[in-house]
Amino acid sequence: MTRASLDRRRFPTVWADIDLHALGRNLTTLRRRLPVGMAVYGVVKADAYGHGGPAVARALQHAGVDGLVVADLEEGTALRRVGIERPVLVLDPPLPQQAAPIAAQGLTATVTSIKEADILAGAAARTDTAAPVPVHVRVGTGSGGLGAPPGLLLDLLAAIDRAPALRLAGLYTHLSGSESMAGLRELERFGALVAQADAAGLLPPLVHALSSSALDNPALAAAAQRIGCTAVRCGSLLYGLRAVPGPTPFPYTPVMAVKARIIRLATLEPGDGIPEDATLSAGRQTRAALVPIGYADAQHLLHLANGSLLVRGHEVPILGTPLMSSLLADVSTVPDAQPGDEVVLFGTQEGAALPAEALAERSGLPPSAIPLLGPRVARHYRTIPRAETAPV
Ligand SMILES: *Cc1c(COP(=O)(O)O)cnc(C)c1O
């Protein structure tokens, strides 16, 4: 059998549907709630929160995002390799060994000290690129922040401004909480630093502080604009993951749904141990479905209390403890369930919904952890032609 005909015959029993059209719509929704002219940087670190970094970055670039944010040089390199031309901000400040590849690929570096700036400037000067390396300075405004100490900020901005091989492009902080009062205090501290930089003639064009949870908070969003923010860094909301529970006037659509297929059905009599988990026994006759998804595929299954799945549009409980690669679901209330049936771990099915946020709540994990899946879960991209999103 040829490789191609084998591929056509594959019948995955666990996969993630990723709707890149929904991603584009979420970007539009976000833009609609921001002041006109506010730049949006899409956060695609951690392989785009498990959605696939290159595919998501290409879809966001296509939808007109202003820039992208990655964790490190490796992720930035992966985006340049698939043709991302928008600015790519790397959150981790570069180690000396990483300065040259950052410069060579035109990535935007985060800098938090004069020493980092000097090393980057040296590497940039030795690199054969036409344009200076764009730099964003990260400043700490919360407790034990990861950025430059506020007292050193002006000297750092001046050092970057003086280096011909660097271009001072941005100034940012990351709020340590989305809670209104603490967030507002942190924003005010950041605002004072922005004003100082402005007075010294050292204010770069991009000033940013807000990410998803703060963007969901109107008081913080208004304050950010007032202190001179010109950009936001957004991850979770673009993936349709709300960081704070409660109503929102702006609907975001989940981008990912995780699905599997029933492999086998078994009837458990009262007193029977649950196969593969003798710690729990059936109290009544139970129709159990074996579903090939476990905590190696979706880590929240390790922490889930009152877990459930969707089968034929019904929410059914998970029996006992999910294992590494499988779990059992109680499908007693769905008598027509069959092997081969599609099961939804999170997402929607026939009008029923099991949102990732609900699983986050039941497992005590942040919503952004729910789509971080194991390597077995194949990603199926919707709406953008397959050829364009083939994994690279
Ligand atoms: C992850 C991250 C973000 C995005 O956070 P969301 O809450 O997912 O929007 C923004 N800024 C920094 C510095 C981050 O590390």
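Since we're looking at a predicted model, the values are computed, not measured.

Thresholds applied
Residues numbered from 1 in each chain as written. Predicted model: local features only at pLDDT ≥ 70, side-chain atom pairs only at ≥ 80, totals over all residues. Heavy atoms only, no water. Helix = DSSP H or I, 4+ residues; strand = E, 2+ residues; numbered from the N terminus. Buried < 20%, exposed > 50% of the residue type's maximum accessible area, 1.4 Å probe, protein only. Near = heavy atom within 4 Å. Polar contact = N/O pair within 3.5 Å; in protein donor to acceptor, adjacent residues only side chain to side chain. Areas by Shrake-Rupley, 256 points an atom, 1.4 Å probe, with all protein chains shown as cover. Domains from an automatic or database assignment. Contact = heavy atoms within 4.5 Å. Pairing = 2+ DSSP bridges. Right-handed = clockwise from strand over helix to strand, strands pointing away. Salt bridge = Lys/Arg side-chain N within 4 Å of Asp/Glu carboxyl O. Axes fitted to C-alpha atoms, helices over the stretch in contact; angles between N-to-C directions. Parallel < 35°, antiparallel > 145°, perpendicular 65-115°, else oblique. Nonpolar A, V, L, I, M, F, W, Y, C, P; charged D, E, K, R; others polar. Expected span 1.5 Å × (residues − 1).

### Remarks on the overall build of the protein chain
Reasoning step 1: Of regular secondary structure, the protein chain possesses 13 helices and 20 strands.
Reasoning step 2: Projected onto its principal axes, the C-alpha positions of the protein chain cover 75 × 55 × 35 Å.
Reasoning step 3: Taken over 392 residues, the protein chain has a buried fraction of 51%.

### Focus on the site of the ligand
Reasoning step 1: Taken together, Val43, Lys45, Tyr49, Leu91, Arg138, His174, Ser211, Ser212, Arg233, Cys234, Gly235 and Ser236 form the complete shell of residues around the ligand.
Reasoning step 2: Within the side chain of Lys45, a nitrogen or oxygen atom sits 2.6 Å from an oxygen atom of the ligand.
Reasoning step 3: Protein contact buries 87% of the 390 Å² of open area that the ligand shows by itself.
Reasoning step 4: Looking at the shell around the ligand, the elements with two or more residues in it are α3 (45-49) and β9 (231-234).

### Comments concerning the domain arrangement of the protein chain
Reasoning step 1: Segmentation of the protein chain into domains returns domain 1 (20-234) and domain 2 (256-370).
Reasoning step 2: The C-alpha-based centres of domain 1 and domain 2 are spaced at 40 Å.

### Some details on the side chain of Thr108
Reasoning step 1: Looking at the secondary structure, you find Thr108 in strand β5 (residues 108-111).
Reasoning step 2: Look past the residues within four positions of Thr108 in its chain and what remains in contact with it is Pro87, Val88, Leu89, Val90, Pro134, Val135 and His136.

### Topic: helix α5 (residues 73-81)
Reasoning step 1: Listed as buried for α5 are Leu73, Glu75, Gly76, Thr77 and Leu79.
Reasoning step 2: For α5, the side-chain oxygen to backbone nitrogen distance between the N-cap and Glu74 is 3.2 Å, and the N-cap itself is Asp72.
Reasoning step 3: Gly83 lies just past α5 and shows a positive phi near 90 degrees.

### A closer look at unusual backbone geometry
Reasoning step 1: We note that Asp47 has phi near 55 degrees; this positive angle belongs to a residue other than glycine.
Reasoning step 2: The partly exposed category is assigned to Asp47, whose relative accessible area is 33%.
Reasoning step 3: Even without a glycine there, the phi angle at Asn306 is positive, about 55 degrees.
Reasoning step 4: With respect to the secondary-structure elements, Asn306 resides in the loop between β14 (286-291) and β15 (308-311).

### Structural notes on the side chain of Asn26
Reasoning step 1: As for its position among the elements, Asn26 is in helix α2 (residues 20-33).
Reasoning step 2: Residue classification places Asn26 among the buried residues on the basis of a relative accessible area of 0%.
Reasoning step 3: There is a polar contact of 2.7 Å between the side chain of Asn26 and the backbone oxygen of Thr253.
Reasoning step 4: For Asn26, the residues in contact, after removing those within four places along its chain, are Leu237, Leu238, Tyr239, Gly240, Tyr252, Thr253 and Val255.

### Digging into the pairing of strand β6 (residues 133-138)
Reasoning step 1: The element β6 is largely enclosed, with a buried count of six among its six residues.
Reasoning step 2: The side-chain alternation of β6 yields two buried faces, one formed by Val133, Val135 and Val137 and the other by Pro134, His136 and Arg138.
Reasoning step 3: Across three bridges, β5 lies against β6 in parallel orientation. Paired with Val111 across the bridge in β6 is Val137.
Reasoning step 4: One crossover worth recording links β5 to the parallel β6 by way of helix α7 (residues 114-126), and it is right-handed.
Reasoning step 5: Pairing geometry for β6 and strand β7 (residues 166-172), over six bridges, is parallel. Looking across to β7, one finds that Pro134 is bridged to Arg167.

### Side note on the pattern of salt bridges
Reasoning step 1: In total, this model carries twelve salt bridges according to the counting rule given.
Reasoning step 2: In this structure, the salt-bridge partner of Asp66 is Arg31, at a minimum N-O distance of 3.0 Å. One end of the pair, Asp66, is in the loop between α4 (53-62) and β3 (67-70); the other, Arg31, is in helix α2, and 35 residues separate them in sequence.
Reasoning step 3: Of the residues examined, Asp66 reaches a relative accessible area of 25% and is grouped as partly exposed.

### Details of the packing of helix α9 (residues 180-199) against helix α11 (residues 218-226)
Reasoning step 1: Packing of α9 against α11 brings their axes to within 10 Å, and their N-to-C directions diverge by 5 degrees. One way to sum up the angle between α9 and α11 is to call them roughly parallel. Where α9 approaches α11, its residues Ser180, Gly183, Leu184, Leu187 and Glu188 are matched on the opposing element by Ala219, Leu220, Ala223, Ala224 and Arg226.
Reasoning step 2: Its residues assigned to classes, the contact of α9 with α11 shows six nonpolar, two polar and two charged.

### Overview of α9
Reasoning step 1: Between its first and last C-alpha, α9 extends 28 Å over 20 residues, near the 28 Å set by a 1.5 Å rise per residue.
Reasoning step 2: Along α9, the positions that sit buried rather than exposed are Gly183, Glu186, Leu187, Phe190, Gly191, Leu193, Val194 and Ala197.
Reasoning step 3: Where α9 is buried, its residues meet α8 (153-162), β7, β8 (206-208) and α11.
Reasoning step 4: Downstream of α9 by one or two residues, Gly201 has phi in the positive range, about 70 degrees.

### A word on the environment of Trp15
Reasoning step 1: Note that Trp15 resides in strand β1 (residues 14-19).
Reasoning step 2: Separated by 244 residues in sequence, Trp15 and Lys259 place their C-alpha atoms 5.5 Å apart.
Reasoning step 3: Non-local contacts of Trp15, meaning those with residues more than four positions away in its chain, are made with Ala257, Val258, Lys259, Ala260, Arg261, Glu342, Val377, Ala378 and His380.
Reasoning step 4: For Trp15, the side chain forms a polar contact with the side chain of Asp17, separated by 3.3 Å.

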